[in-house]
Amino acid sequence: MNTLIPESANVSLLNCIDLSSSDVQLSVSLLKQEKMKLLKNEKSRGYTPLFDENLNPANQIHGDYKEGYYIGIEVSEDQSDAQKPFYGPNKWPSEDILPRWRKTMEKYHQEALEVSRSISRLIALALGLDINFFDQPEMLGNPIATLRLLHYEGRTSEPANGIFGAGAHTDYGLITLLATDDNYGLQICKDKDAKPQIWEYVPPLKGAFIVNLGDMLERWSNCFFRSTLHRVLGNGQERFSIAFFVEPSHECIVECLPTCQSEKNPPKFPPIKCEDYISQKYKDTHADLSSYA
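Rules and cut-offs
Residues numbered from 1 in each chain as written. Predicted model: local features only at pLDDT ≥ 70, side-chain atom pairs only at ≥ 80, totals over all residues. Heavy atoms only, no water. Pairing = 2+ DSSP bridges. Helix = DSSP H or I, 4+ residues; strand = E, 2+ residues; numbered from the N terminus. Axes fitted to C-alpha atoms, helices over the stretch in contact; angles between N-to-C directions. Expected span 1.5 Å × (residues − 1). Buried < 20%, exposed > 50% of the residue type's maximum accessible area, 1.4 Å probe, protein only. Contact = heavy atoms within 4.5 Å. Lys, Arg positive; Asp, Glu negative; His and termini not counted. Salt bridge = Lys/Arg side-chain N within 4 Å of Asp/Glu carboxyl O. Polar contact = N/O pair within 3.5 Å; in protein donor to acceptor, adjacent residues only side chain to side chain.

## Notes on the sheet that holds strand E8 (residues 175-180)
Link 1 in the chain: One open sheet holds the 6 strands; their spatial order is E4-E5-E6-E13-E8-E11, and the pairing between them is antiparallel. Edge positions in the sheet fall to strand E4 (46-48) and strand E11 (210-213), since each has one partner strand and no second. Across the sheet, the mean angle from the axis of one strand to that of its neighbour is 20 degrees, orientation sign disregarded.
Link 2 in the chain: Relative to strand E13 (residues 239-247), strand E6 (residues 144-152) is paired through 9 bridges, and the arrangement is antiparallel. Across the sheet, the residue bridging to Leu150 is Ser241, located in E13.

## Comments concerning helix H5 (residues 274-285)
Link 1 in the chain: In this model H5 runs 17 Å from its N-terminal to its C-terminal C-alpha over 12 residues, within 8% of the 16 Å that 1.5 Å per residue would give.
Link 2 in the chain: Those residues of H5 that fall on the buried side of the exposure criterion are Cys274, Glu275, Tyr277, Ile278, Tyr282 and Thr285.
Link 3 in the chain: Contact partners of the buried residues in H5: strand E5 (66-71), E6, helix H4 (215-220), E13 and strand E15 (272-273).

## Observations regarding the side chain of Asp181
Link 1 in the chain: Along the chain, the position of Asp181 falls in the loop between E8 and strand E9 (186-189).
Link 2 in the chain: The side chain of Asp181 sits in the buried core without any salt bridge; Arg239 is the nearest counter-charge, 4.5 Å away.
Link 3 in the chain: Among the polar contacts made by the side chain of Asp181, one reaches the main-chain amide nitrogen of Asn183 at a distance of 2.9 Å.

## Re the pairing of E5
Link 1 in the chain: Burial analysis of E5 places 6 of its 6 residues in the buried class, which makes it a mostly covered element.
Link 2 in the chain: Alternating positions in E5 separate into two faces, Lys66, Gly68 and Tyr70 on one and Glu67, Tyr69 and Ile71 on the other, with burial throughout.
Link 3 in the chain: Here E4 runs beside E5; their pairing, made up of 3 bridges, is antiparallel. Opposite Gly46, over in E5, you have Tyr70 as the bridge partner.
Link 4 in the chain: Sheet analysis places E5 next to E6, joined by 6 bridges and oriented antiparallel. Counted as the bridge partner of Lys66 is Tyr152 from E6.

## Concerning helix H2 (residues 101-126)
Link 1 in the chain: For H2, built from 26 residues, the straight-helix expectation of 38 Å at 1.5 Å per residue is met to within 8% by its first-to-last C-alpha distance of 37 Å.
Link 2 in the chain: For H2, every residue scored as buried is listed here: Trp101, Met105, Tyr108, His109, Ala112, Leu113, Ser116, Arg117, Ile119, Ser120, Ile123 and Ala124.
Link 3 in the chain: Positive backbone phi, approximately 75 degrees, marks Gly128, located one or two places after H2.

Structure follows, in structure tokens:
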């Protein structure tokens, strides 16, 4: 595989969270002290240790060299929606350990979802749809929206030996917003069908989100938009990022849009139910909860 090597990098400062700040490293350290109390549950909320995720099993050993923390839409246990996958109460560290951390994360989640809805309106216009198409209740009106804080260890990746910060994959939903620190690591492959695949680094962007397109957008648009094949290579430095994954509602049926098909361009994918697709993807790539015991 060919790789284009970066020449420069910038610091990322997004939504008042500076991922290069020493406060971030302190937060990670404090969270790790509490990790046994905050381990990921069946709703994918909480702390995930190294190797919890294996995004490219055919080309990886062990799994991803990263740890993370899942935060979703807060749904109390007495609400009926709490019975759905990926909905339920979040797991929060004690205010004594990380004061104001919950408030900060909830604010970030709220603002990132609004940014995502704004981007979805641009996508709707590009596909010849009503500007508010994706704002419908069955789509982003009641979404599965997950914030994930990620910490990559200071290990150097070895692609030839199956060692990656994160293995090559596409995200599952509509879009993903990604904030990064000033360390390179994220790579994309613009043509995922190419042989050989060509990987390029994505420069960290100060004051901006990197936007990855997801599988459901590829299905909706009949490949007019392609989901972004990407991976993370470690370079021996610690790396921090914040990913915000945006998927439609549980019941949403994702199928080729009328504006994206014709007699000469019929639908390339069968309809899928969002909940079923996301659940299977998580099952295929995440460690079983019993392995935490």
